[in-house]
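Analysis of the macromolecular model
Take a look at the letters that make up each chain.
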Amino acid sequence: MGEFGDILVTAVLRGGIYALMALGLSLVFGVMNIANFAHGEFYMLGAYFAYFSFTTFKLGVIPSVLIAALLAFAVGVIVERGLFYPLRKRSKKNWLMNTFLLTLGVSIILQNGAKLMWGSRYRGVTSYFGGTISVGTMQIPNDRIFAFAVACIAIAIFVLFLNKTKLGRAIRSVSMDETGASLVGVNLNMIHTLTFGLSCMLAALAGACLLPLTPAFPVMGINPLYKSWFVLILVGMGNLGASIVGGLIVGLLETISYFQFGAGWQDVISLAVIIVILLVKPNGIFGKKGVKSAAE
Amino acid sequence: MLELQNLNVGYGYLQVVWDVSLKIHQGEVVAILGLNGAGKTTTLKTIAGVLTPKSGKILFNGQDITGLPTCQLVKLGLSFIPEERNLFTAMTVRENLLMGAYILKDNAEVKRNLDYVLELFPRLAERSKQLAGTMSGGERQMLAIGRGLMSKPKMVMLDEPSMGLSPKNVLVVFDAVKKLREEKVTVVIVEQNVNTTLSVADRAYVMEQGRIAMEGSSEELAKDDHVRKMYLGIA
Ligand SMILES: Nc1ncnc2c1ncn2[C@@H]1O[C@H](COP(=O)(O)OP(=O)(O)OP(=O)(O)O)[C@@H](O)[C@H]1O
Ligand SMILES: [Mg+2]
C-alpha cells in the first residue's frame, strides 16, 4: 500500500473518533442552540469511568466502556436539569452567550472536581486487548482498531436512531422548529435533556475507548474539545451528517501534516487549512444558510 | 367545548388582546374575522399555549388549560395550525405527517390517519418523499394543515389556512373544512377570505383593535352594513 495507504489508514482511525466527538457537539448545538465548551470534560469523565470500571472493578472491556457511557449520560442529564433547564425557564434572552459562559463554568468545575477526587496523576491502562494487526506496512494496535470500531458502531446506531425512530425524529424536529415540535405534542424539556445526555454519552464513549492510548487526567478534555470544534467550524454548525465527514477530513489533514512535517505541526497545519477554508466559505464547507442562531 | 373568559394578552408591556371572552360549542365552525393586527393570531396562539395570557381563563371541555404547555394540549385533542406553518423543513412530507401523529401510540391508527390526510390532499401523496423546505408555498400550507389533522383532533384552530393558495387550492382547503364539519370536528378559523369563510362558518366573531367588536351567525354578519363595508369591501 505504501506511504499513502498508511496515511489513509491512520487518518481514518483518528478521524473516526473525531467524528464521534463532533457528532455530540453538533447535536447539542443544533437541537439546544448551545455552544458546549464542556464537551471535552465528558470525554474526560468517560476515560475515568472506564478506568475505574476496568481496573478497580475488574469489569471486562465492553462492560467498562458501556458503563462509562451510561454514567456520563447520567451526569449529562443532571447538568442539563440542574443548569440549562432553569436558565431556559427564566429567560431566552442572550441564550447563546449565557449558555456558552455556563458551559465554560461547567468545564472548570468538572476539571477541578476530577482533580479533587482523583488527583492530577495519570490513570491509564496499558492495553485493553494487546497485540497488533498488520495493515499494509503498518502494525496497528488492536486497541486502535477497537476504538475505531466502537466509534463506527456508535455513529451508525446513533444515525439510525435519529432517522428511523420516533424519538429520534422528535429530536430532529426540535432542531428544525421548536414551536412546530411542541404543536404536535413533543415535550421540549424532555428532548433537551435527552439530547444533552446523549451528547455527553458520545463524548464519554470516545474517552473510554481511547483509554489505553491516552490515560485519564483532569484536563485531558481540552484537546478533543478543540478538535471537535475544528470539525464543526470546518463543516458548518449543527449539521450532523457533515460533522461525520468533517471528523474524517480533520483526521486526514492532521495525519498528512504529521507525516510531512513531523509531530507538533499537525495542529498548525490543520488550523491553517481551516482558516483558509473559512475565508472562502465562512459558513463552513457544507454550510448552506447561516446557522439559525448566528444572527442573534 | 372552548371558552375564553376575559383574556388579556400582550407582548412585553404592549397589550394587544383586551378582555376577550368567547364560547365555542362542540361541532361548530366558528370564524374570527378582523383587520390586520386586530389580535386574531395572538388570541389563537394564547389558546394553543404558545403565548401566556396576562390574565383571564381558557377552558377546554370544562378543564382549565390556562398556562398548560403546548405539548399537552394536543393530547387533549386541540390542534393549532399556525399561519407561520412551523414545518420541519429538512424532513420529508411523509415524516412531517408522521410527526403530526407523534402523540398516537397505535400504528394502525397512524396509518389510518395518514390515508385520511393523503386523501384530503392528494398533492401530498404525490410529494411524500420531497423535503418540506423545498415545497411551494401552497403545498407547504396543505402540509401544515395535513400535519395538524394527523392526530385526529377534536378541535382544530386554523390561522389563515388559505393564505398564498391559488383559487383551486383555496377550494381544496375549504372543502377540507366542510369535511371536518361533517365529521363533527370543532373548527375555529381565522381568514381574510371573508366571503368564503362566512359561507362555511356557523358563527363568527369580529375582532377590532384587540377586542371582540361583534358576534353573530354567519348570515347575520354577512348582511351587516359594517361588516359588508369593512370586510367584504361592499359599500
Ligand atoms: N412578537 C410580537 N411582539 C410584539 N408585538 C407583536 C408581536 N406579534 C404581534 N404583535 C402585535 O400585536 C398586534 C396583533 O397581532 P396579531 O398577529 O395577533 O394580528 P392578526 O389579527 O393576526 O393580524 P393579521 O391579520 O395581519 O394576521 C399587532 O399590532 C402586532 O404588531
Ligand atoms: Mg394573524
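What comes next concerns the included structure. As the structure is a computational prediction, the values presented were derived from the model and not from experiment.

Our focus in this paragraph is the coordination of the magnesium ion (ligand 2). All names here are of chain B. For the magnesium ion (ligand 2), every protein donor is listed as T41 (OG1) and E83 (OE), and the spread of their distances is 1.8 to 2.5 Å. Here T41 is found in helix α1 (residues 40-47), whereas its partner E83 is found in the loop between β6 (78-81) and α3 (93-100), with 42 residues between them in sequence. With relative accessibility at 21%, the residue E83 sits in the partly exposed group.

Phi is mostly negative for residues that are not glycine, and the peptide bonds are mostly trans. Residue and element names in this part refer to chain B. A positive phi angle is found at D19, which is not glycine, with a value near 50 degrees. A relative accessible area of 43% means that D19 is categorised as partly exposed. Look at N86: it is not a glycine, yet its phi comes out positive at around 50 degrees. On the secondary structure map, N86 appears in the loop between β6 and α3.

Turning our eyes to something else, we now look at the pattern of salt bridges. Per the stated rule, a full pass over the model turns up 15 salt bridges over all chains. Close ionic contact of D202 of chain B with R181 of chain B constitutes a salt bridge, the shortest N to O distance being 2.7 Å. A residue pair is termed long-range when its members are at least 10 positions apart, and D202 of chain B in the loop between α8 (194-200) and β9 (203-208) and R181 of chain B in helix α7 (residues 167-182) qualify at 21 residues. A single network of salt bridges, built from pairs that share partners, joins R14, K227, E254 and D267 of chain A.

Right, let's talk about the interface of chain B and chain A for a bit. Tallying the contact residues gives 23 residues for chain B and 19 residues for chain A. Carbon and sulfur atoms make up 66% of the surface buried where chain B meets chain A, a total of about 1,800 Å² over both sides. The three residues of chain B that bury the most area against chain A are F88, M99 and Y102 of chain B, which together make up 34% of that side's buried surface. Run the count over chain B and chain A and you get one salt bridge. Residue E95 of chain B is joined to R172 of chain A by a salt bridge in which the shortest nitrogen-to-oxygen separation is 2.5 Å. Summed over the shared surface of chain B and chain A, the number is four residue pairs in polar contact (both at pLDDT 80 or more). Listing elements by their share of the side of chain B that touches chain A, those giving two or more residues are α2 (70-76) and α3 of chain B.

Okay, empty space enclosed by the protein next. Scanning all chains against the criterion turns up two cavities of 30 Å³ or more. Size it by volume and the largest cavity reaches roughly 90 Å³. Along the walls of the largest cavity sit 13 residues, with L183 and V184 of chain A together with S79, F80 and G148 of chain B positioned nearest its centre. Only β6 and α6 (137-149) of chain B provide two or more residues apiece to the lining of the largest cavity. Split into classes, the residues belonging to the lining of the largest cavity amount to seven nonpolar, four polar and two charged. Considered as a void within the structure, the second largest cavity measures approximately 40 Å³ in volume. Put simply, the parts of the chain that give the lining of the second largest cavity at least two residues each are α2 and β6 of chain B.

The rules behind the values
Residues numbered from 1 in each chain as written. Chains lettered and ligands numbered in written order. Predicted model: local features only at pLDDT ≥ 70, side-chain atom pairs only at ≥ 80, totals over all residues. Heavy atoms only, no water. Donors = N, O, S within 2.8 Å, 3.2 Å for Na, K, Ca; no water. Helix = DSSP H or I, 4+ residues; strand = E, 2+ residues; numbered from the N terminus. Buried < 20%, exposed > 50% of the residue type's maximum accessible area, 1.4 Å probe, protein only. Salt bridge = Lys/Arg side-chain N within 4 Å of Asp/Glu carboxyl O. Contact = heavy atoms within 4.5 Å. Buried area = accessible area lost by both parts, 1.4 Å probe. Polar contact = N/O pair within 3.5 Å; in protein donor to acceptor, adjacent residues only side chain to side chain. 1 Å grid on protein atoms, 1.4 Å probe; cavity = no way out; pocket = protein on both sides within 12 Å on 5 of 7 lines; lining within 4 Å. Points joined across faces, edges and corners; volume = space filled by probe spheres on them. Nonpolar A, V, L, I, M, F, W, Y, C, P; charged D, E, K, R; others polar.

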